[in-house]
Amino acid sequence: MCITRIWPHRCIILMKRSLLYVPFFGAAAYLSGHEFIDRSSGASSAVRDHMSEINERIKKERLRVCIFPEGTRNRTDGKMLPFKKGGFHMAQQCGAPIIPVVVSNVKAVYDSRIWLFKRGVIKLRVLEPISTVGMTKEDVNALVESVQTKMQENLDELNKSA
């Protein structure tokens, strides 16, 4: 839980609901005010309603939001999985900028099968903010594609130099 010491002020994470049940992490995330989304329902009206509530909370409390649009990291070939669009719709609706953060492959320092970190280096790159001001919901698909392309290019660079 050392990440909470460096986490930006008034920033919440949008995460899949199943993470709520991860020992210690789920309780800490819940108590820190992060938001959990039930991805099993797809784009149901319940999910859309919940996202609307989160949008209102973001505006009212002037929060920053961290999303992981890939959902689950591809552990095989270094290529990102297709991005989920919910966070991009949220940014478009709020007029908030998207600040992509790319993290190198962690396979060399983390064994996800046994939840064990080893000594090593993980590289992180923060890309330039991407404005969503003036975008409509029709622009979201192109926005997702553009952001994923930029992030994949940067991931490829980080993984080559790792």
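Residues numbered from 1 in each chain as written. Predicted model: local features only at pLDDT ≥ 70, side-chain atom pairs only at ≥ 80, totals over all residues. Heavy atoms only, no water.

*Asks:* Any chance you could explain the pairing of strand β1 (residues 11–16) here in plain terms?
*Replies:* In the case of a regular strand, side chains alternate between the two sheet surfaces. Most of β1 sits out of view: five of its six residues are buried. Strand direction decides the pairing type here: β1 and strand β3 (residues 64–67), joined by four bridges, are parallel. Bridged to L14 within β3 is I67. Bridging between β1 and strand β2 (residues 35–37) involves three bridges; their strand directions are parallel. Residue L14 lies in a different strand from β2, and its bridge partner there is E35. Of the crossover connections in this fold, the one passing from β1 over helix α2 (residues 25–31) to the parallel β2 is right-handed. (Buried < 20%, exposed > 50% of the residue type's maximum accessible area, 1.4 Å probe, protein only. Helix = DSSP H or I, 4+ residues; strand = E, 2+ residues; numbered from the N terminus. Pairing = 2+ DSSP bridges. Right-handed = clockwise from strand over helix to strand, strands pointing away.)

*Asks:* So what exactly am I meant to see when it comes to helix α5 (residues 140–161) here?
*Replies:* Given 3.6 residues per turn, any residue in an α-helix points the same way as the ones three and four places further on. Compared with the 32 Å implied by 1.5 Å per residue over 22 residues, the 32 Å span of α5 between its first and last C-alpha is a close match. Burial in α5 covers these residues: V140, L143, V144, V147, Q148, M151, Q152, N154, L155 and L158. Residues of α5 that are buried make contact with α4 (86–94), β4 (101–103) and β7 (124–126). (Expected span 1.5 Å × (residues − 1). Contact = heavy atoms within 4.5 Å.)

*Asks:* How should I be thinking about the nonpolar core in this particular structure?
*Replies:* Side chains that are nonpolar tend, in soluble globular proteins, to be buried together. Of all hydrophobic cores here, the largest spans 15 residues; its most connected members are F83, F88, I98, V102, L143, V147 and M151. Among the elements that line this core, the one with the most residues is α5, at seven residues. Beyond its immediate chain neighbours, meaning those up to four positions away, F88 contacts I67, P69, F83, I98, V140, L143, V144 and V147. In this structure, L14, M51, I54 and I58 belong to the second largest nonpolar core, which totals seven residues. (Core = buried A, V, L, I, M, F, W, Y, C linked by side-chain atoms within 4.5 Å.)

*Asks:* Would you explain the pattern of salt bridges in this entry?
*Replies:* Side chains carrying opposite charge are able to pair once their charged atoms draw close together. Following the criterion strictly, the structure yields four salt bridges and no others. Note that E61 and R57 form a salt bridge whose closest N and O atoms lie 3.3 Å from each other. In this pair, E61 and R57 are both assigned in helix α3 (residues 45–61), four residues apart and thus about one turn of the helix distant. Between E157 and R125 there is a salt bridge, with its nearest N and O atoms 2.8 Å apart. Residue E157 is found in helix α5, and its partner R125 is found in strand β7; the two are separated by 32 residues along the sequence. Looking at E157, the relative accessible area reads 45%, which means it is partly exposed. When salt bridges that share partners are traced, they join E35, R57 and E61 into one network. (Salt bridge = Lys/Arg side-chain N within 4 Å of Asp/Glu carboxyl O.)

*Asks:* Please explain the environment of V126 as it appears in this structure.
*Replies:* When you line up the elements, V126 lands in strand β7. The exposed category is assigned to V126, whose relative accessible area is 53%. Counting along the chain gives 24 residues from V126 to K150, while the straight-line C-alpha distance between them is 11 Å. Ignoring sequence-local partners within four residues, the contact set of V126 consists of I99, P100 and V101.

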